[in-house]
Amino acid sequence: MNTIDTHYDVVIVGAGVGGGAMANRLAKTGARVLMIERGNYLPREADNWSVKAVFHQRKYTTKETWRDKSGNSFTPSTFYYVGGNSKFFGAATVRFRVEDFEELQHEDGIAPAWPVSYHEFAPYYDEAERLMGTHGTAGADPIEPPRSGPMPYPAIGHEPEIEAVAEKLRGKGLRPFPLPIAIDRHDGGKCIRCPTCDGFACKLGAKNDAEIRLVGPALATGLVDLVLDTKVLRMLTDGSGRQVTGIEVEQAGATRVISGDLFITSAGAINSTAILLRSANEKHPRGLGNNTSDQLGRNYMAHNNTAMMAINPLRKNRVKFQKSMAINDFYLANAHRPWPMGNVQGLGKLQGGMLTANAKWIPEWLMDLFAERSVDWWIMSEDLPRPENRVTLDKDGTIRVNYTPNNLTSHNELVRHWTRIMRSIGYPIVITQRMDITVSMHQCGTARFGNDPATSVLDPYGKIWDVDNLYVVDASFLPSSTGFNPSLTIVAQAIRVAEHIANNVLKASTAA
C-alpha cells in the first residue's frame, strides 16, 4: 500500500528481519506503526530459481553502485524488497556462543565484550527461533550455548549423500550436527527440499524469510501500515536536536515528510549509517548519533567467507537440499590451533553457472561436470571491528565502504585444513572462492551498542545516545561479527528492544 496516515506512534525504516520483527512485536501493543520500504514485493516467478537470472543477469540485485576505499565503483549484493536480504539468505538461524558475548582473543586481535551477557539474551533467542520457525536438534552442536528447551521443530535430516559425508567426518573425530535452519518443512509445509534455496528467492514461499514470518503477520493485525517504493532521505529533529520529528522520504519523484513519536531505522548496517549521516544538522554536524563518540559508520564487518567445492570426479552427488549440516569443532580455540578459526556449514547445492558468473575464464561445461560431483561448503570466520573500516558518504552522496579484511590468517588456515579433510575422505579436487567486498549480506557493526556513549553509538537497548526517540535494530548494533549468520541475533535483539519500548516508552507516553 502507498496510502498512509499523516502521523504514527512508531515509524520503522526497512522491512527486513530487524524491522519486521520490531513491527511484529509492537503490533501487539496497539500502537499505530508504519513500515517504510525502499523496494516492493519480490514477485514469485520462474526466474526466482534461474541461475542465469539470479547470478549472471543479477536480476534482483540493486542497480545502485557504492565505492570501495580506493574510490572504485561496485554493485553490492544487496536486495531492496519486503523481507530485505532475507529473501535470498540460506535460512541458517544460529545462536551466537556464550564466548561471543564476552571478550574473545583471536590471532589478529580481540573481539570486544557485549554490554549484555548471553544469559540475558537467551530468552530472546528462544522467541526468535519460534518466530522464525527454526528446525534443529538441541544439544547436537558440541559447543551449543545453554538453552531452555528444544528447538521449535525437529531437524530436517540429511539426504543420503550428506549423511555419508557426516559419517566419514565422524570417523575423523569431528562432530557434525544438523544446521539450525528456518524453512517451512513441518507437518506438510511448503518446502520441497529443492537445490534453489541458498542464494535464491523461494517462489513457493517456503523459506521462512522476513516477509513470510515477520512482516506478513504484522500487517495481518491491521495495526501496521506498509508504504512501498519509498526511499528515506534523512531524519529531521526539533531545535534541541534531542527529538526526531519526522522523516523526509522520496516517493515517485516527489519528497514529503512523515511524522511520528518514535523512530526506528532497520535499513541494514550500511544504509542505516547513510541515513543517519545524511541527517546531519546544526545540532548534529557529523550525523545523528555521532556527536559524542565519532563511531557512526566505524567498525564495519562482513565476515571472512569462502565458498568451497570438494569434488570426487568418479561419483555424482545427487543431493537436492544440501544445506543441512554444520561443523563447529574449529569455532573456538581447538586441538588444531590455539585460536578461534570459524564455522563450516553446508552450502546450497552449487550449479555450474553459479560459479562461472564470477569466474568467466572457467568453461561452463567443466563447472557443470564439477558441480554434479561436488559437496559444497560455506566457510565463515570472524572479522574484527576496526575503526578505520568505515562507511561514509562521498561529496556526491555515494556510499563509500572503506574496508580492509582482517583476521585472515585463521580463516585461511581453516580453509586449508578443511581442504585437507575433504581430500582425506575422498574428494581430491578442491576449488575455493573467497568472497569480496561486493558480498554484503552479513554487513554489521556500524552503530554498535554499549554502556559508554564515548565508545558506542547506541545504548544497550539500541537507542541512539544523542537522541531520545531514535533506535537502530538491524545488524549495525553488533559490537563483534562472531563467526555465524547474524539473522537470528538481529531478530532476537529486535524482540528485546521492542519489549523495552513496549514496557518503558509507549506506556510512559500513554500515561503522560
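Our structure is the block above this text.
My aim in this report is to walk through the structure given alongside it, one point at a time. The written sequence of each chain sets the order in which its residues are numbered from 1. Local features in a predicted model are, by the rule used here, given only for residues with pLDDT of at least 70; side-chain atom pairs are given and counted only at 80 or more, and totals for whole chains, interfaces and linings are based on all residues. As a rule here, side-chain values come from all non-hydrogen atoms in the structure, and water together with hydrogens is ignored.

## Brief notes about the overall build of the protein chain
This is how the line gets drawn: Helix and strand labels come from DSSP, where a helix needs a run of H or I of at least four residues and a strand needs a run of E of at least two; each type is numbered from the N terminus. All radius of gyration figures rest on C-alpha atoms, and the globule criterion is 2.2 Å times the number of residues raised to 0.38. For every residue, the accessible area obtained with a 1.4 Å probe (protein chains only) is divided by the maximum for its type, and the residue is called buried under 20%, exposed over 50%, and partly exposed between those limits. Contacts are assigned to residue pairs with any non-hydrogen atoms lying within 4.5 Å of each other. For the area figures, the Shrake-Rupley method with a 1.4 Å probe applies, and any residue is considered shielded solely by the protein chains shown. Here Asp and Glu are counted as negative and Lys and Arg as positive; His is not counted, and neither are the chain ends. To locate a charge, take NZ of a lysine, CZ of an arginine, CG of an aspartate or CD of a glutamate.
Check the secondary structure of the protein chain and you find 10 helices and 21 strands. Relative to the 2.2 N^0.38 estimate, which gives 24 Å for 512 residues, the radius of gyration of the protein chain is 22 Å and therefore close to what a compact globule would have. If one aligns the C-alpha atoms of the protein chain with their principal axes, the spans along those axes are about 70 × 50 × 45 Å. Looking at the 512 residues of the protein chain, the share that counts as buried comes to 62%. Pairs at least 24 apart in sequence give 73% of the contacts found in the protein chain among residues at least 6 apart. Here the protein chain displays about 18,700 Å² of accessible surface, and carbon together with sulfur accounts for 51% of that area. For the protein chain, the centre of its 55 positive side-chain charges and the centre of its 54 negative side-chain charges are spaced 5 Å apart.

## So, the environment of A91
Among the secondary structure elements, A91 is positioned in the loop between β4 (73-74) and β5 (104-106). Classification of A91 by relative accessible area gives buried; the value is 0%. Each C-alpha atom of the pair A91 and L179 lies 9.8 Å from the other, and the pair is 88 residues apart in sequence. When neighbours within four sequence positions are excluded, A91 is seen to be in contact with P180, I181, A182, I183 and K207.

## Observations concerning the pattern of salt bridges
Side chains bearing opposite charge may pair, as long as their charged atoms lie close to each other. For clarity, the cut-off: Take a side-chain nitrogen of Lys or Arg and a carboxyl oxygen of Asp or Glu: if they are within 4 Å of each other, that pair is a salt bridge.
Applying the stated criterion across every chain, the model contains 34 salt bridges. Between D198 and K323 there is a salt bridge, and its shortest N-O distance comes to 3.1 Å. Of this pair, D198 sits in the loop between β9 (181-182) and α5 (210-220) while K323 sits in the loop between β14 (304-311) and β15 (325-327), placing them 125 residues apart in sequence. Looking at D198, the relative accessible area reads 16%, which means it is buried. Among the ionic contacts, a cluster of salt bridges with common partners joins R95, D126, E129, E144 and R147.

## A word on helix α1 (residues 17-26)
Most of α1 sits out of view: 10 of its 10 residues are buried. Every buried residue of α1 is listed here: V17, G18, G19, G20, A21, M22, A23, N24, R25 and L26.

## Notes on the side chain of S440
On the secondary structure map, S440 appears in the loop between β20 (429-434) and β21 (470-472). The buried category is assigned to S440, whose relative accessible area is 0%. Here S440 is in contact with W66, P76, S77, T78, N85 and Y300, once residues within four sequence places are set aside.

## Details of the packing of aromatic side chains
Put simply, the rule reads: Each Phe, Tyr or Trp ring, with Trp reduced to its six-membered ring, pairs with another whose centre is within 6.5 Å; inter-plane angles below 30 degrees give stacked pairs, above 60 give edge-to-face pairs, and intermediate values give tilted ones. Geometrically, a charge over a ring is one whose NZ (Lys) or CZ (Arg) sits within 6 Å of the ring centre while staying within 35 degrees of the ring normal.
Applying the stated criterion to the full structure yields 18 aromatic pairs. Their ring planes at 90 degrees and their centres at 6.2 Å tell us that W114 and F121 sit as a pair that is edge-to-face. F121 gets classed as buried once you look at its relative accessible area, which sits at 0%. Over the ring of Y461 we find R496; its NZ or CZ atom is 4.4 Å from the centre of that ring.

## Quick notes on the sheet that holds β4
Within a sheet, adjacent strands bond to each other through the backbone by hydrogen bonds, running parallel or antiparallel. Convention followed: When DSSP finds two or more bridges between a pair of strands, those strands are recorded as paired. All axes are obtained by fitting lines to C-alpha atoms, using only the stretch in contact for helices, and the reported angles, taken between N-to-C directions, cover 0 to 180 degrees.
Read across the open sheet, the 4 strands follow the order β4-β3-β19-β18; overall the sheet is mixed. Edge positions in the sheet fall to β4 and β18 (390-393), since each of these pairs with one other strand and no more. Helix-sheet contacts for helix α6 (residues 269-278) involve β3 (66-68), β18 and β19 (399-402), and the interaxial angle to β18 is about 45 degrees.

## Considerations on the sheet that holds strand β17 (residues 374-381)
Across the sheet, which stays open at both edges, the 6 strands sit in the order β8-β15-β16-β17-β14-β20 with antiparallel pairing between neighbours. Edge positions in the open sheet fall to β8 (177-178) and β20, since each of these has one partner strand only. In the sheet, β14 pairs with β20 via 6 bridges, with the strands oriented antiparallel. What sits directly across from M309, in β20, is I431. This element, helix α4 (residues 160-171), spans β15 and β17 of the sheet and lies at about 20 degrees to β15. Here helix α9 (residues 408-424) sits on the sheet and contacts β14, β15, β16 (343-346), β17 and β20; the angle it forms with β14, its principal contact strand, is near 15 degrees.

## With respect to α4
Our working rule: Take the residue count of a helix, subtract one, and multiply by 1.5 Å to get its expected span. Taking the helix axis as origin, the arc is that swept by the directions to the C-beta atoms.
Taking 1.5 Å of rise per residue, 12 residues should cover 16 Å, and α4 covers 17 Å from first to last C-alpha, within 8% of that figure. For α4, the complete set of buried residues consists of I162, V165, A166 and L169. The buried residues of α4 all sit within an arc of 100 degrees when viewed along its axis, so they share a single face. Of the residues in α4, the exposed ones pointing more than 90 degrees away from the buried face are P160 and G171. Where α4 is buried, its residues touch β15, β17 and α9. Two residues or fewer past α4, G173 is found with a positive phi of approximately 85 degrees.

## Description of the environment of N328
Among the secondary structure elements, N328 is positioned in the loop between β15 and β16. Look at N328 and you get buried, because its relative accessible area is 1%. For the pair N328 and E37, spaced 291 residues apart in sequence, the C-alpha to C-alpha distance is 36 Å.

## Overview of unusual backbone geometry
Here the phi dihedral of D229 falls at roughly 50 degrees; this positive angle occurs in a residue that is not glycine. Position of D229 among the secondary structure elements: in the loop between β10 (224-227) and β11 (230-237). We classify D229 as partly exposed; its relative accessible area is 40%.

## A word on the environment of I212
Structurally, the position occupied by I212 is in helix α5. Among residues more than four places away in sequence, those in contact with I212 are R44, G205, K207 and P217.

## A few points about the pairing of strand β2 (residues 33-36)
Under the convention used in this document: Throughout, right-handed denotes a crossover for which the path from the first strand over the helix to the second runs clockwise when the strands point away from the viewer.
Side chains V33 and M35 project from β2 onto one buried face, and the interleaved L34 and I36 project onto a second face that is buried too. Inspection of the sheet shows strand β1 (residues 7-13) paired to β2 by 4 bridges, in the parallel sense. For V10, the partnering residue across the bridge sits in β2 and is V33. Once the chain exits β1 it traverses α1 before rejoining the sheet at β2, and the crossover so formed is right-handed. Two strands pair when backbone bridges link them, and β2 and β10 are joined in this way by 4 bridges, in the parallel orientation. Residue pairing for β10: V33 is matched across the bridge by V224.

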